[in-house]
Amino acid sequence: MNTPEIGQSVRRHEDLRFLTGAGTYIDDIVRDGMAYAVVVRSSEAHAVIAGIDTSAAAEAPGVLLIVTGKDWAAEGFGPIPNKSAVNKNADGSPYAVPLRHCLPAERVRFVGEPVAMVVAETATAARDAAEQVVVSYDPLPSVTDLVAAAAEGAPQIWDDIPGNLCIDFELGDKEGTDAAFADADHVVTLEVANNRVTAVPIEPRGAVASYDAESDSYELWNASQNIHANRATFAENILKIPADKLHHVAPDVGGGFGGKNGTYPEPAVLLYAAKRLGRTVKWVNDRGESFLSDTHGRGQVSRVELALDKDGTFRALRTDTIGDLGAYCGTVGPFTPTGGSARTQGGPYAFGAMHYRGRGIFTNTAPLDPYRGAGRPEATFQVERVIEHAARELGFDPVELRRRNLMPPESLPLKTAMGLDVDSGNFPEVVARTLALTDREGFAARVAASAGAGRRRGFAIAPYLECTGGMPKEYAGVVFETDGGVRLSVGSHSTGMGHETSLPQILAAELGLDFDAIHFVQADTDATPLGGGHGGSRGLEVGGSAVLQAAGEVLEKARVIAAHLLEAELDDIDFAGGTFTDAGSGRSVAMAGVIEASFDADRLPANMSPGCLDTSSVFERGMITIPNGCHAAEVEVDPETGVVEVVGYWVVDDFGTVINPLLADGQVMGGVVQGIGQALMEEIVYDRESGQLVTGSLMDYALPRADHIPSMEIDYYEDAPTQKNPLGVKGAGEAGCVGAPPAIVNAVLDALKDDGVRDLTMPLTPERVWRAIRDARA
């Protein structure tokens, strides 16, 4: 029997399915009589829709239905709601939320916005007909640049929202921060830009919708990260039907990174089309459409100020950020540049005072929503860049300046100046362990060797502190089958993170079950009454805790059955290694024997009935956890070409209890790769004049490849598990891309310090680095 333990590296159970092509993704789903949909998208950044001529398209071969914004409006469907947790300005007034309908009837506000849907017998017929839909536009002034959109006199995206300002948010002690700045010996200021990126999951968005007239109910298979929340939105807010009339399922999902978490227009229109036609309808974005219409992330410009004393002691931190929201608020878009970026200001450093101001600005671009980290990478980049800048400007050693200001372990638990509850950790030890991995003693020789080859070499560390998020409740259900199988159903959702391994691993370890006998079910609103999907690194913190809690409830019932079978007192029953033992007689019965007895009424206590071990449990998180750690990077730069090579990368993470180190390594590596991508090559770019997306394909939007990534050394600090959940875990999913961008950028600046390069803006493309070197020399 295969019974892994918590803390054991178990290979991913689901990988065999994926690697042998046995996975089921949206485009693998085929139904009898299925029709196909294609979306017609705006070619204008900002324009009045003067008319849509569908006559030629309607006559095209195989066309079944065309839905326009006017058709949609005539049905009386509701707008897509915004659900940002931060929804008030600093003065208490409500934020500005424009209405976003699935298909606009009057005006488009970004290139790629859906304006019509064409449904036909085949995907080719639908695409051919979509090209015959003629949309007449009266162009309006547009603005795609964040800073320009926030400037006085900028074109207005929304007539009733002055200055394109959605929200003006503040957090922290402004008076105390201002006083600390006034008293400080030094004040260092830096303008920091966090480049706009997009998730680019390997599987584009898509959905398959059907309608059953007899039951007046719908079914939606959707490449989504959050089926319960999105079901409620599609059903109750948009289509105005009861949520239980929509069965929402996600099959295997090929990556999400936040980009599949929110509510998009296309699935709602697809459901309408399925009802109108009485047929199943499939829609799948192509890659170009995904660049145009998927939500983007990051996109912030900040002024960061650090106040410190002569000896380098940090006194206060002040940050003023504007964040791009795109043309609409997204699902929770305003949260990222406000509360999402404010909570972890200051990182693991002991700041006496902090103040953060964040404003959300509308632009004529695709909406922005959470992308892996959702504010925590931005906050870490802000503080780590200004610390590095201060060290260079004031003559401090950058590593030692950081170590001097870390929160000491004896100060925990504490609340930071931003109100974040930090309960456990040892930040100086984590940094020390990271440095120990990096061979600092040999760095000078490596610098000399690089110089001999005409290159520059640099090193930097990036300690980080982040927090988890997402829905606080999670469901786990355990059902035992007579054939020895066990069905574990969860409301959390994996889109590649390995939950099909880690959650059954917890159940098997707690109950002494055969890991291979556990059948894992997720992402199905019929299988679980609630679910928070995935986002905010909540998978194990909330989902894993729900499984642990369910296992505990199963164990208590199984103990009663074991006592009955062994004719023993309940208090004398011990459980270990999958076996119940009577401490008095020494007699024992395996968990498998108890499960077998649970189906036989004659072998059960009088107050229990067959199937009594089946358990449903809901875990509710009281407080979010605080993952933390330290990244270190070593880079080599060719000054003649500007090419940056990452030659070494080291990470020590404090994720509390690590359930499966192999899976944790994968999460860290993936996050680091995305962070390196943002630091060196990824950027969404719009043409400032036309509003067209310039980086609309993988020919123009660069992604990191295997040869861009060095071998990583990853270690874990597990000496301070959190008490905020029964597993002691702290979220791991987003940490990699929190620490990577500042580690890479600061390492490059260290390499170029003797060339006079003091600042660089991400992404650090060869041209950008080359120009910075040339400008500094000039």
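See the structure shown above.
Worth saying up front: this structure is predicted, and the values here are computed from it rather than measured.

In terms of regular secondary structure, the chain is built from 20 helices and 30 strands. Rg of the C-alpha trace for the chain: 28 Å, near the compact-globule value of 28 Å for 778 residues, within the 12% margin. If you line up the chain on its principal axes, its C-alpha atoms span 90 × 75 × 55 Å. Out of the 778 residues in the chain, the part that is buried amounts to 60%. Once local pairs closer than 6 in sequence are excluded, the contacts in the chain between residues at least 24 apart make up 79%. Only carbon and sulfur atoms are counted for the fraction: they give 50% of the accessible area of the chain, which is about 28600 Å². Within the chain, the 109 negative side-chain charges are centred at a point lying 4 Å from the centre of the 64 positive side-chain charges.

Right, let's talk about the sheet that holds strand E29 (residues 644–654) for a bit. Here we have four strands laid out as an open sheet, ordered E20-E28-E29-E30, and mixed in their pairing. Each having just a single partner strand, strand E20 (456–465) and strand E30 (712–716) make up the two edges of the open sheet. Strand-to-strand twist in this sheet, taken as the mean axis angle between neighbours without regard to direction, amounts to 10°. Relative to E29, strand E28 (residues 628–637) runs antiparallel, the two sharing 10 bridges. Bridge assignment links Asn-628 to a residue of E29, and that residue is Asp-654. Running at roughly 30° to E28, helix H13 (residues 427–437) makes contact with E20, E28, E29 and E30 of the sheet.

What follows concerns the side chain of Asn-89. Note that Asn-89 resides in the loop between helix H3 (69–74) and strand E4 (107–108). At 3.2 Å, the side chain of Asn-89 forms a polar contact with the backbone oxygen of Pro-94. Other than its neighbours up to four places away in sequence, Asn-89 contacts Pro-94, Tyr-95, Cys-166, Ile-167 and Asp-168.

One finds Tyr-649 and Leu-680 to be the most contacted residues of the largest nonpolar core, which totals 115 residues. At 10 residues, helix H19 (residues 735–751) tops the list of elements feeding residues into this core. In this structure Leu-680 touches Val-644, Val-646, Ile-744, Pro-763, Leu-764 and Thr-765, once residues within four positions along its chain are discounted. Counting residues in hydrophobic clusters, the runner-up holds 46 residues, among them Leu-488, Ile-506, Val-554 and Leu-566.

What follows concerns the sheet that holds strand E27 (residues 615–620). Here four strands make up an open sheet; going across it, the order is E23-E22-E21-E27 and the pairing mixed. The open sheet terminates on both sides in strands that have one partner only, identified here as strand E23 (518–521) and E27. On average, each strand axis in the sheet is inclined to that of its neighbour by 20°, with strand direction left out of account. Helix H15 (residues 499–511) rests against strand E21 (473–480), strand E22 (486–490) and E23 of the sheet, and its axis sits at about 135° to E23.

Our focus in this paragraph is the state of the cysteines. One pass over the full model with this rule turns up zero disulfides. You can see Cys-166 has no disulfide; the closest cysteine sulfur is in Cys-329, sitting 3.7 Å from it. Given a relative accessible area of 2%, Cys-166 falls into the buried group.

Moving on, we get to the packing of H15 against helix H16 (residues 539–566). Between H15 and H16, the least distance of the axes is 9 Å, while the angle of their chain directions is 30°. One element, H15, and the other, H16, form an angle in the roughly parallel class. Judged by the twist between their axes, the crossing of H15 over H16 is right-handed. Residues His-499, Ser-502, Leu-503, Ile-506, Leu-507, Glu-510 and Leu-511 of H15 touch H16, and the partners they reach there are Gly-539, Leu-540, Gly-543, Gly-544, Val-547, Leu-548, Ala-551, Val-554 and Leu-555.

Before going further, it helps to spend a moment on the pattern of salt bridges. Counting across every chain of the model gives 51 salt bridges. The salt bridge partner of Arg-279 is Glu-121, with a shortest N-O separation of 2.8 Å. Of this pair, Arg-279 sits in the loop between helix H8 (265–277) and strand E13 (281–284) while Glu-121 sits in the loop between strand E5 (114–120) and helix H4 (123–130), placing them 158 residues apart in sequence. Put simply, Asp-755 and Arg-777 hold a salt bridge, and the shortest N to O gap is 3.5 Å.

A few words now on unusual backbone geometry. A cis amide bond links Leu-412 with the next residue in sequence, Pro-413, at an omega value of 0°. Turning to its location among the elements, Pro-413 is positioned in the loop between helix H12 (398–405) and strand E18 (414–415). For the bond from Met-762 to Pro-763, the omega torsion is -5°, close enough to zero to count as cis. In this structure, Pro-763 sits in the loop between H19 and helix H20 (766–777). Positive phi is not limited to glycine here, since Asn-164 has a value of about 60°.

A separate point is the environment of Gln-382. Relative to the assigned elements, Gln-382 resides in helix H11 (residues 376–394). Measuring from C-alpha to C-alpha, the distance between Gln-382 and His-493 comes to 31 Å, with 111 residues separating the pair along the chain. Here Gln-382 is in contact with Gln-300, Ser-302, Val-304, Thr-319, Thr-321, Gln-345 and Tyr-356, once residues within four sequence places are set aside.

Okay, the pairing of E22 next. Most of E22 is tucked away, with four of its five residues classed as buried. With five bridges connecting them, E21 and E22 associate as antiparallel partners. Paired with Gly-477 across the two strands is Ser-489, which belongs to E22. Hairpin connection of E21 to E22: five residues between the antiparallel strands, including Gly-484 at a positive phi of 95°. Two elements, E22 and E23, share four bridges in a ladder whose sense is parallel. Opposite Arg-487, over in E23, you have His-519 as the bridge partner.

A few words now on H8. Over its 13 residues, H8 extends 19 Å from the first C-alpha to the last, a length consistent with the 18 Å expected when each residue adds 1.5 Å. Burial runs high along H8: 10 of the 13 residues are buried. When we look at burial in H8, the residues that qualify are Pro-265, Glu-266, Pro-267, Ala-268, Val-269, Leu-270, Leu-271, Tyr-272, Ala-273 and Ala-274. Gly-278 occupies a position one or two residues after H8 and carries a positive phi of about 65°.

Scoring rules and cut-offs
Residues numbered from 1 in each chain as written. Predicted model: local features only at pLDDT ≥ 70, side-chain atom pairs only at ≥ 80, totals over all residues. Heavy atoms only, no water. Helix = DSSP H or I, 4+ residues; strand = E, 2+ residues; numbered from the N terminus. Rg over C-alpha atoms; globule rule 2.2 N^0.38 Å. Buried < 20%, exposed > 50% of the residue type's maximum accessible area, 1.4 Å probe, protein only. Contact = heavy atoms within 4.5 Å. Areas by Shrake-Rupley, 256 points an atom, 1.4 Å probe, with all protein chains shown as cover. Lys, Arg positive; Asp, Glu negative; His and termini not counted. Charge placed at Lys NZ, Arg CZ, Asp CG, Glu CD. Pairing = 2+ DSSP bridges. Axes fitted to C-alpha atoms, helices over the stretch in contact; angles between N-to-C directions. Polar contact = N/O pair within 3.5 Å; in protein donor to acceptor, adjacent residues only side chain to side chain. Core = buried A, V, L, I, M, F, W, Y, C linked by side-chain atoms within 4.5 Å. Disulfide = S-S within 2.5 Å. Parallel < 35°, antiparallel > 145°, perpendicular 65-115°, else oblique. Left-handed = near helix turned anticlockwise from the far one by under 90°. Salt bridge = Lys/Arg side-chain N within 4 Å of Asp/Glu carboxyl O. Expected span 1.5 Å × (residues − 1).

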